[in-house]
Amino acid sequence: MAAVLETATFPRASGFPATSVAPIRSSSVCALSGGRKSVKLPEIRGLKIQSSYTRRSLGSSRLNSRLAHRGARIVCEAQEIAVEVSPITDSTWQSLVLESDFPVLIEFWAPWCGPCRMIHPVIDELAKQYIGKLKCYKVNTDECPSIATRYGIRSIPTVMIFKNGEKKDTVIGAVPKSTLTTSIEKFL
């Protein structure tokens, strides 16, 4: 899932002399004329150029390359970087889980638990996959034993799904992503 970036402003790097970077007009993007030289810009992470033009065999690879960029647009992938499964504490439990407008996935874990470390990447992938539809948090059972006791957590990792402040489903153990996806889909 990527969002289209409408406008972008990039500060001029101090290493670029003002004369080497010229504004690009739409006509110069399509046709390589006027003797313009290519300028290598610094890498910007989180943005990519996505071509919306479908390449067809037009006989010339140079023509294909030029036409492919006509429909290109800059796409922001910052959400790939920004999604993080945040920790929950006793003080934030009520507001982030029980009063949430979205379904909430909670991972109960501990730092010393090997299977918990195995399921962390799966939970991170689910947080990215269901962004805007599901909130994902984690509870360290060593730091917040009262939450774990309240919900009867006897084994970790345990994943619980809450909706409208009520516990809806529980999955115990390091299970495959497909098992968790099936549980999540029931409550979206």
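All residue numbers refer to position in the chain's written sequence, counted from 1. A pLDDT threshold of at least 70 governs which residues receive local features in this predicted model, and a stricter bar of 80 or more applies before side-chain atom pairs are shown or counted, although totals over entire chains, interfaces and linings include all residues. Hydrogens and water are ignored here; the side-chain numbers use all heavy atoms of the structure.

Chemist: Could you give an account of the pairing of strand β5 (residues 104-109), naming the residues involved and the relevant values?
Modeler: In this scheme, a residue with accessible area under 20% of its type's maximum is buried, one over 50% is exposed, and one in between is partly exposed, where area comes from a 1.4 Å probe on protein chains only. Counting from the N terminus, the helices are DSSP H or I runs at least four residues long and the strands are E runs at least two residues long. Within β5, six of the six residues are buried, which leaves the element mostly enclosed by the surrounding structure. Judged by which residues are buried, β5 turns out to be covered on both faces: V104, I106 and F108 on one side and L105, E107 and W109 on the other are all buried. Handedness is read with the strands pointing away from the viewer; a crossover is right-handed when the path from the first strand over the helix to the second is clockwise. Handedness of the crossover joining β5 and strand β6 (residues 135-140) through helix α5 (residues 114-129): right-handed. Judged from the five bridges that link them, β5 and strand β7 (residues 158-163) form a sheet pairing that is antiparallel. Bridge assignment links L105 to a residue of β7, and that residue is I161. Whether two strands pair depends on DSSP finding at least two bridges between them.

Chemist: Explain the pairing of strand β8 (residues 166-172) residue by residue, including any values.
Modeler: The side chains of a regular strand alternate between the sheet's two faces. In the sheet, β7 pairs with β8 via six bridges, with the strands oriented antiparallel. Across the sheet, V159 pairs through a bridge with V171, a residue of β8. Linking two consecutive strands that pair antiparallel, namely β7 and β8, is a turn of two residues; a positive phi of about 55° is found at N164 within it.

Chemist: Outline the packing of aromatic side chains, supporting the account with residue identities and numerical values.
Modeler: Aromatic pairs are defined between Phe, Tyr and Trp rings, using the six-membered ring for Trp, whenever the two ring centres lie within 6.5 Å; interplanar angles under 30 degrees are classed as stacked, those over 60 as edge-to-face, and all others as tilted. The full count for this structure, using the stated rule, is three aromatic pairs. Between the aromatic rings of W93 and F162, the centroid separation amounts to 5.4 Å while the plane-to-plane angle is 85°, which identifies the pairing as edge-to-face. A residue pair is termed long-range when its members are at least 10 positions apart, and W93 in helix α4 (residues 93-98) and F162 in strand β7 qualify at 69 residues. An identical accessibility class is assigned to W93 and F162; each is buried. Aromatic pair Y151 and F162: ring centres 5.2 Å apart, planes at 90°, arrangement edge-to-face. Highlighted residues: Y151 in the loop between α6 (145-150) and β7 and F162 in strand β7, separated in sequence by 11 residues. The exposure class assigned to F162 is buried, which follows from its relative accessible area of 1%. In textbook terms, an aromatic cluster arises when at least three aromatic residues are bridged by ring pairs, as seen for W93, Y151 and F162.

Chemist: Tell me about the state of the cysteines, and please be specific about residues and values.
Modeler: A pair of sulfur atoms, both from cysteines and within 2.5 Å, is called a disulfide here. Overall, the coordinates contain one disulfide when judged by the stated rule. A disulfide bridge connects C113 with C116, and the sulfur atoms are separated by 2.5 Å. Measuring the twist about the S-S bond at about 80°, one finds the C113-C116 disulfide to be right-handed. The exposure class assigned to C113 is buried, which follows from its relative accessible area of 4%.

By themselves, these are just geometric observations and shouldn't be taken as functional.
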